[in-house]
Structures are given as C-alpha cells and as structure tokens.
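# Reading the structure
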There are 2 protein chains.
Amino acid sequence: MKWKVRVTVRLKEGLNDPEGRVIGNALRSLGYTVENLRVPKYFEFELESDKPEEEVEGMCKKLLANPLIHDYEYSIEPVS
Amino acid sequence: MKWKVRVTVRLKEGLNDPEGRVIGNALRSLGYTVENLRVPKYFEFELESDKPEEEVEGMCKKLLANPLIHDYEYSIEPVS
C-alpha cells in the first residue's frame, strides 16, 4: 500500500538555530515583530509499505534525524 | 495580538530538488521504497500583529520565497 509521509525534524529545545536567527533578524529589520523563528527540516515523500509506521521510525532513527540533537514527528496518510 | 505562524516553501512542480534526490537515494539504499522525496523549506515563528495574513504574505514575497521558483503556503493560529 502507498502512503504520503511528512516528517518534521526539529532541533531540541534550547539548541541554537543559527539559520533561524539570521532569518528572524532579517524579518525584524523589515519591520515585522517576529520571535522564536526556527527552521526545522521537513521531508515529504511517498512510501510503498505494509508497515509504514515502523519504516518511518526506522528512517528517522537511521538517517533523517540525530536523536542527540533532534526531536521528530511525522504524519502518514494513505494515497488514494 | 500574538500568532503562531508556520510557512512551507516548496520548489515549483518540475524543478529539481537535488537535496531531496540525495536523501531519497540514501533511503532506497537502506531498503525503503520511497518516491518523490522533496525537502521544502519550513519556518515556524511567533508574530505580534493586528493583520497577520497581510504581514505573512509580505514576508513570503519579500524574503522567505522566490515566486519565480517557489510556491508557498502558511497557517496562522492565535497563541493563547
């Protein structure tokens, strides 16, 4: 069966996000009142699998996230 | 009023996403049947504003996206 998967990988709370800081500063310099801008990694893909949750967990642990510094979450929905 | 904003910036359909291709290949080499892996840009932040939609549109057009190559979408919800 085929699934649409979306994975979001965030730096753990308290870790520095330099890219986010730069973009936040740029938006503030344009006059916007922006706070706590973060730039998580975000992946979208289709997966052919009979056990999608197990496989997506495996992908996160093996490749997409580093558990030392990242938290991750995902959504999995069937492709019609 | 304060808002939680999430902006997703995707390369337009048909444009090459080299980072996505590399990650897709890596996942396939681990044995996963993955297709069409894309790595959109994703931003999360808090915004203090009386006209959040107008301001987020402005941010996308001025800084977060390049309308020549990107499509973007966003969600805006009140922070309690």
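Everything here concerns the structure above.
Attention in this report is confined to the structure presented alongside it. (Residues numbered from 1 in each chain as written. Chains lettered and ligands numbered in written order. Predicted model: local features only at pLDDT ≥ 70, side-chain atom pairs only at ≥ 80, totals over all residues. Heavy atoms only, no water.)

### Observations regarding the sheet that holds strand β4 (residues 70-78) of chain B
- Strand order in the open sheet formed by 4 strands is β2(A)-β3(B)-β1(B)-β4(B), with antiparallel pairing between adjacent strands. Every interior strand has two partners, whereas the edge strands, β2 (33-38) of chain A together with β4 of chain B, have only one. When the angles between neighbouring strand axes are averaged without regard to direction, this sheet yields 25 degrees.
- Of the strands in this sheet, β2 of chain A together with β3 (41-48) of chain B touch helix α1 (residues 18-29) of chain A, which is tilted by about 165 degrees from β2 of chain A.
- Its contacts with the sheet put helix α2 (residues 52-64) of chain B on β2 of chain A together with β1 (2-11), β3 and β4 of chain B, and the angle it makes with β4 of chain B is roughly 150 degrees. (Pairing = 2+ DSSP bridges. Helix = DSSP H or I, 4+ residues; strand = E, 2+ residues; numbered from the N terminus. Axes fitted to C-alpha atoms, helices over the stretch in contact; angles between N-to-C directions. Contact = heavy atoms within 4.5 Å.)

### Brief notes about the packing of aromatic side chains
Residues and elements named next belong to chain A.
- Using the criterion set out here, one finds 3 aromatic pairs over all chains in the structure.
- Aromatic side chains Tyr72 and Tyr74 sit 6.5 Å apart centroid to centroid with 15 degrees between the ring planes, which places their arrangement in the stacked category.
- Looking at Tyr74, the relative accessible area reads 25%, which means it is partly exposed. (Phe/Tyr/Trp six-rings, centres within 6.5 Å; stacked < 30°, edge-to-face > 60°. Buried < 20%, exposed > 50% of the residue type's maximum accessible area, 1.4 Å probe, protein only.)

### Re the pattern of salt bridges
- Inspection of every chain in the model, using the stated rule, returns 18 salt bridges over all chains.
- Notably, a salt bridge pairs Glu35 of chain B with Lys2 of chain A, separated by 3.2 Å at the nearest N-O pair. Of this pair, Glu35 of chain B sits in strand β2 (residues 33-38) while Lys2 of chain A sits in strand β1 (residues 2-11), placing the two residues on different chains.
- By relative accessible area, which is 37% here, Glu35 of chain B ends up partly exposed.
- For Arg6 of chain B, the salt bridge identified is with Glu44 of chain B, shortest N-O distance 3.9 Å. One end of the pair, Arg6 of chain B, is in strand β1; the other, Glu44 of chain B, is in strand β3, with 38 residues separating them in the sequence. (Salt bridge = Lys/Arg side-chain N within 4 Å of Asp/Glu carboxyl O.)

### Observations regarding the relation of the copies chain B and chain A
- Take chain B, turn it by 180 degrees, move it 0.0 Å along the axis, and it overlays chain A with an RMSD of 0.0 Å. Given the turn and translation reported, the copies of this chain are related as if by a two-fold rotation axis. By C-alpha distance to the rotation axis, the residue of chain B lying nearest is Tyr42 of chain B, at 3.2 Å.
- Both copies present the same face, since 100% of the interface residues in chain B are matched by interface residues at the equivalent positions in chain A. (Least-squares fit on C-alpha atoms with pLDDT ≥ 70 in both.)

### Here we look at the interface of chain B and chain A
- Contact residues are listed per partner, giving 31 residues for chain B and 31 residues for chain A.
- Each partner contributes to the roughly 2800 Å² buried at the junction of chain B and chain A, and carbon and sulfur atoms together form 59% of this total.
- Looking only at chain B, the three residues that lose the most surface to chain A are Tyr32, Tyr42 and Glu44 of chain B, adding up to 21% of its buried area.
- Our count for the contact surface shared by chain B and chain A stands at 6 salt bridges.
- Among the ionic pairs, Glu44 of chain A bridges to Arg10 of chain B, the shortest N-O distance being 2.5 Å. (Buried area = accessible area lost by both parts, 1.4 Å probe.)

### Description of α1 of chain A
- For α1 of chain A, spanning 12 residues, the distance from its first C-alpha to its last is 17 Å, which sits close to the expected 16 Å at 1.5 Å a residue.
- Where α1 of chain A is concerned, the buried positions are Gly20, Ile23, Gly24 and Leu27 of chain A. One face of α1 of chain A carries all of its buried residues, which in axial projection span an arc of 105 degrees. Of the residues in α1 of chain A, the exposed ones pointing more than 90 degrees away from the buried face are Val22 and Ser29 of chain A.
- Contact partners of the buried residues in α1 of chain A: β2 of chain A together with β3 and α2 of chain B.
- Where α1 of chain A ends, the next residue or the one after it, Gly31 of chain A, has phi of about 105 degrees, a positive value. (Expected span 1.5 Å × (residues − 1). Arc of directions from axis to C-beta.)

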